[in-house]
Amino acid sequence: MERPDFTVVADEAVDGLADRVAALPGGTDEEAAARLEAAVEADGVPVGTERGLRDTLQRAIARLRTRELVADLGEAAAAFEILALHVPPGGKAGVDVRRSTAAERRMTFKLFGFGFGGGRTMTAELNEGIAERGTCMRVVQQVTVRVRRFGGEGEDLVTTDVTGWGERRFVTAPGCPHCRAGDEPDPFEYDLLSDQADALDLRDYDTEVRRERVAVLEGVRRSEIGVDLPLLAGGAATAGFHLEQRTSLSCAVAYTFPPGRRFVPYRVYGDGAALPYWHVS
Amino acid sequence: MGLLADVIDAPGEVPTGGGADSEAARCWWFWLAALRHKQVNEFDAAREALREGAGRAEALGWTHMTAPIWYAESGALHGALLHDDGDHGAAAEALERALLGWRLIGAVLGGGAPDQDFTHAVFDGAVTMTRALAGHAVLDDRAAALGATPLEVAVAGFAADRFVPMIYEVAARAIQLTGRVRSYAEARRLANETLNASRHWSPPSWDDVDFEITIRTSLAHAASAAGNHRAALGQAEDAVALTRRLRPGRARERREAEAHANRASKLYALGRPAEAAGDYAVATERLLRLDQPEDALRTRAALLHARASSGEAVALAEVRALLAEMERFAADTRGRGGALMEDLEYLRRRHLVLLAAEDGGGQDDDGLDEIILLVEQLRGDRPLLRDGSPHPDPVVARLRRPFGVGATRLAALPDTVLLALEPGIGNAAGLTDPPVVLTVAGGGPGRARWRLAEGGREMHDALRELTNVAARERDRLNTRESPLHGPPSPALRQAAAQAWLSLPAPARAALLAARTVIYLPSPAANLDRLPLELLLHDGGWLGETHVVARCPSFEYLEEVLAPNARRRRPPARATVAHVAPIERLGALEEAEADARTAMRAAPLLGLEPRSRQITTADGLRELFTGTALVHYVGHGFASELGEWLPVSHDRGVTPSEVSWADDQDAPVVFFNACLLGRVRHIAGGRQKGWAVTLLKHGSPAVIGALDAVPDAACAAMAREIYRAAWRAPLGEALRLARQRFGASGYHPLIAGAYVLHGDPYAMLSRASGAAGPRAAADLTTRWPAHLTRYLATGEPAHRDLLLAALHDAPPPVRTRLHSWALGQDGTAEWPALIDDLLDVDAEGAGALRVVVGAERLDRDGDDPGRAEEARATYLAAAALEDGYAMAHLLTRHHDLWRSLFPAEQEALRDVPQMYL
């Protein structure tokens, strides 16, 4: 159990909205929206929702129908975090997944490129845990994208297609901005209550304390990942992709806390798919 | 005039229904009461009376088939009320239904009844209505005198008095609104159906050609409303041609004048002002020949615009004189008629544009008075206290001036500037004068520093360009083409920077010197939708560097700044209203997270949270009472037709449907939805929308979006706003939220869509760490406010606060007040103090005047001038918006107040309870 390891159990390309619109026969934008709506929703293709009229899909289709390729800007690499272990400052932490079933160690990633680009989905299982360590660490998944610029009515449309997966990287984070002493985390931004039972006050104690607990990480995390592309620098458009990560992971987590301090676990509100950060005072 | 016209058209008291001898009669009395209220623009009271009548009619079992006249009349009035009050979508539906009812009645009166029962129902209805409104004896006597039956008299009278004028009015309104709300094609269909039906009508004095002229004129308006100006001109020309088929005489000349004026307005809209001027001149000449100078006033005003728009120089003096004439006329007719109000509005804009062209400014109070009066009138918010009548008491006269005490109070707000924007005069073809920009900042004692400047064509174009670029970029964000986290495009930055530079230099300087901008954009010409918060200066986006609070009117601003206008603070509760998912409007994935964010934030803000899942209109209507905060999560719609909080795909709640509490102020509301931060301009300068309605009902502040907002960012925006509102007032909270949103990588258009209406210093948080002022009024509280508080309560704590605040008063005032507060001196020497203070501190002079007046009233029981003294004292207190002073006066000498202000008894009744 030196470092986490994943097995990919499913991986496929998924058409983005641009591909679907290109494959449609004629008809009005409204008809096209009606035709595409169910599949777009079922496949999780990102189309924005406004808190007003329900016509964003139709507007997106109208924009896509006038596009013509202007330039292929090539491929680029991007990355996103899939798992992080946060270590109480001055202490240790480790993760063990040996007692979990395969279904309890699963993560699904759904990526779609900006500019209505195509995407990929992948399901992976965590096979190995994380050996006990003294600094925070992150597992980062690399991705390959292709970026193209289209002309048409209005401003240029820059489309990113997610074309493939790269390596997984293991990165130590000794200067983790979340696990440190300092002002109490902002109660509007961070949830200090969900993990309150795991807080530990060792300010008046003289020996380190070890705690083990079973962590069930469940949830959906949505984010946007940008890609640096020199050809787009200073331009109007941004390359990158929308990420949806579904986590269902049951694991044993062991923490070792040094004496003389108070440790409070906390997390971003609603992020039940992550292990907690540690605030120390 | 027939029996019904005698009653309905004659001015009279508003009936209450109490004296009616039957339930049917009561229905009609309530209907008449509603009509009377509407005639003087008392829309709420009119709606209430009509609801009462409709409820009774329903209880009587009346239906469209058994009581067609009731339903035609009440439907027409209901539609007209909605129309005049700006609810165009609902008005169009109501009026179309009412028109169908009137057409069926027309068929009966023309002998072509759909069936026998319906004919009887119409005839019986005419008798019921006439007996109810004119009286049994009057109808019977008239019948006897004419040798006819009461039924014959009632039906003939109804046909002449009601059917003819109503079918004209209802058809005109329904056709115009259909063009506006649906399409010109729909309006034409309705017009053709009505014209075809009318071929079979034959009420007394009916004229087919005359009716067709009305229909063509209405269609012309419908086409204009639908943006089809060529069709509008075609219909207007047909109407002019039809007038030649009328019988010669005065009626025909009158119709010709109307038709020419109508055609002129369509020519003007097409950008042909010189031809329009020709038609307006013809109309004016006809009306003057008919000795109808009042109506000619309107065409003269339009002629002046057409001349000015075609490049002819128009003198300020000419505009002032015409405006004065028209205002006198409007006052004489109590402002009846939307068209007259529109004409007045145009003329006032012309006046303002000419004043701006003079590039005025400085510390000249008279100049600022004239401008603010104009702006107040343009926005329909001129306070009753400033009805234009002079007052012999110099203190009252001073306080009744626009911004009489506003300048002093504005100066008490740190680094605050007031920015008002009014559009020039425009039409569909783009003959638009540039906007007019007024900046006012607190100046020396009692004075304001102000500048009025023309924005220039460049400003007009630059602001439009920014709006358009922002709209396109927002579209890319909201469809998720672009990420929500991402930089603004170079085009947006450039447009935003250009828009900033296009502001007149004095306005830019005033904004840069300030930290808080109280922004009074006119909703006319959609000026309020210009994204002021997105102007980009060297220091950053204005919405991130400055607190920007939108304020609907000067009248509202004065209330916000008044230290003794006590607010009725609602309980420390937060209501998180989450509208149940509406499938056809699209699922809001982040709605749950948004609601949870607000539920979590509430206790941190010192508010007890409660969650409300909204599934019905009733649930929404009752949302705004008993709570300090409403956090609304759901869809929102706003357009020219109205503003809705939807509870289903086809049912929404408008502000006029809400049950507002009488005994407490409306809460702070955060609409985390699209478009509900918009304000809509309707004829006569009135404003509509959720924000303005909530502010009117006492809400300290309303947060809403000017544009569509992406669901995916709403929860994060809520979190940032509440996080910042923990220890900061709401204006600063929104600024901080925008700044933090930007710093965390969000596109500036997202946070830039959210705006604050109301008091920038309103403090939502009641958490223990949230110390400091809770409202702008806390910052404007000086010794004059403490003086009247102590006068009203006599409490030692208030006396001590007064004594502590006197350090700010001029030395002679300080000495006298100190002795008075300690009971060592009276007020005999105060008149001299008041004289000295009046020019430098009107608020102080006013407070002293109130105390002097109150003591005189206590002392001089039999003085013949007592009533006048009482009136002046009360007016001074009211002009100061000083609730303590008013409460003090009202609790003493009850009889005196009852005789002085008989009409205001109900409104005044609650004042002492609030303050003492």
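We now turn to the structure provided with this report.

Calculation notes
Residues numbered from 1 in each chain as written. Chains lettered and ligands numbered in written order. Predicted model: local features only at pLDDT ≥ 70, side-chain atom pairs only at ≥ 80, totals over all residues. Heavy atoms only, no water. Helix = DSSP H or I, 4+ residues; strand = E, 2+ residues; numbered from the N terminus. Buried < 20%, exposed > 50% of the residue type's maximum accessible area, 1.4 Å probe, protein only. Contact = heavy atoms within 4.5 Å. Areas by Shrake-Rupley, 256 points an atom, 1.4 Å probe, with all protein chains shown as cover. Lys, Arg positive; Asp, Glu negative; His and termini not counted. Charge placed at Lys NZ, Arg CZ, Asp CG, Glu CD. Axes fitted to C-alpha atoms, helices over the stretch in contact; angles between N-to-C directions. Parallel < 35°, antiparallel > 145°, perpendicular 65-115°, else oblique. Left-handed = near helix turned anticlockwise from the far one by under 90°. Nonpolar A, V, L, I, M, F, W, Y, C, P; charged D, E, K, R; others polar. Expected span 1.5 Å × (residues − 1). Buried area = accessible area lost by both parts, 1.4 Å probe. Salt bridge = Lys/Arg side-chain N within 4 Å of Asp/Glu carboxyl O. Polar contact = N/O pair within 3.5 Å; in protein donor to acceptor, adjacent residues only side chain to side chain.

## Some remarks on the overall build of chain A
(1) Moving on: Counting secondary structure elements, chain A contains three helices and 15 strands.
(2) Moving on: By principal-axis analysis of the C-alpha atoms, chain A measures approximately 75 × 40 × 35 Å.
(3) Moving on: Every one of the 281 residues in chain A was classed for burial, and the buried ones make up 50%.
(4) Moving on: Partitioning the contacts of chain A with sequence separation of at least 6, the portion at a separation of at least 24 is 78%.
(5) Moving on: Accessible area for chain A stands at about 12900 Å²; split by element, carbon and sulfur atoms hold 46% of it.
(6) Moving on: For chain A, the centre of its 34 positive side-chain charges and the centre of its 45 negative side-chain charges are spaced 3 Å apart.

## Thoughts on the packing of helix H35 (residues 830–837) of chain B against helix H36 (residues 842–859) of chain B
All names here are of chain B.
(1) Moving on: With their axes 8 Å apart at the nearest point, H35 and H36 run at an angle of 160° to one another. Relative to H36, H35 is oriented roughly antiparallel. By crossing handedness, the relation of H35 to H36 is classed as left-handed. Facing H35, whose interface residues are Trp830, Pro831, Leu833, Ile834 and Leu837, H36 presents Ala842, Gly844, Ala845, Leu848, Arg849, Val851, Val852 and Arg856.
(2) Moving on: Its residues placed into classes, the contact of H35 with H36 shows ten nonpolar, one polar and two charged.

## Focus: H36 of chain B
Residues spaced three or four apart along an α-helix face the same direction, because each turn holds 3.6 residues.
(1) Moving on: In this model H36 of chain B runs 25 Å from its N-terminal to its C-terminal C-alpha over 18 residues, within 8% of the 26 Å that 1.5 Å per residue would give.
(2) Moving on: Of all 18 residues in H36 of chain B, 14 are buried; the element is thus mostly enclosed.

## Here we look at the interface of chain B and chain A
(1) Moving on: At the interface, 44 residues of chain B touch 31 residues of chain A.
(2) Moving on: Where chain B abuts chain A, roughly 3200 Å² becomes buried across the two surfaces, and 53% of that area is made up of carbon and sulfur atoms.
(3) Moving on: Per-residue buried area on chain B facing chain A is highest for Thr479, Arg480 and Glu481 of chain B; these three make up 21% of the total on that side.
(4) Moving on: On inspection of chain B and its partner chain A, the count reaches ten salt bridges.
(5) Moving on: With a shortest N-O distance of 3.1 Å, Arg472 of chain B and Glu155 of chain A are connected by a salt bridge.
(6) Moving on: Taken together, the connections running from chain B to chain A amount to 20 residue pairs in polar contact (both at pLDDT 80 or more).
(7) Moving on: Considering only residue class, the side of chain B that touches chain A consists of 21 nonpolar, nine polar and 14 charged.

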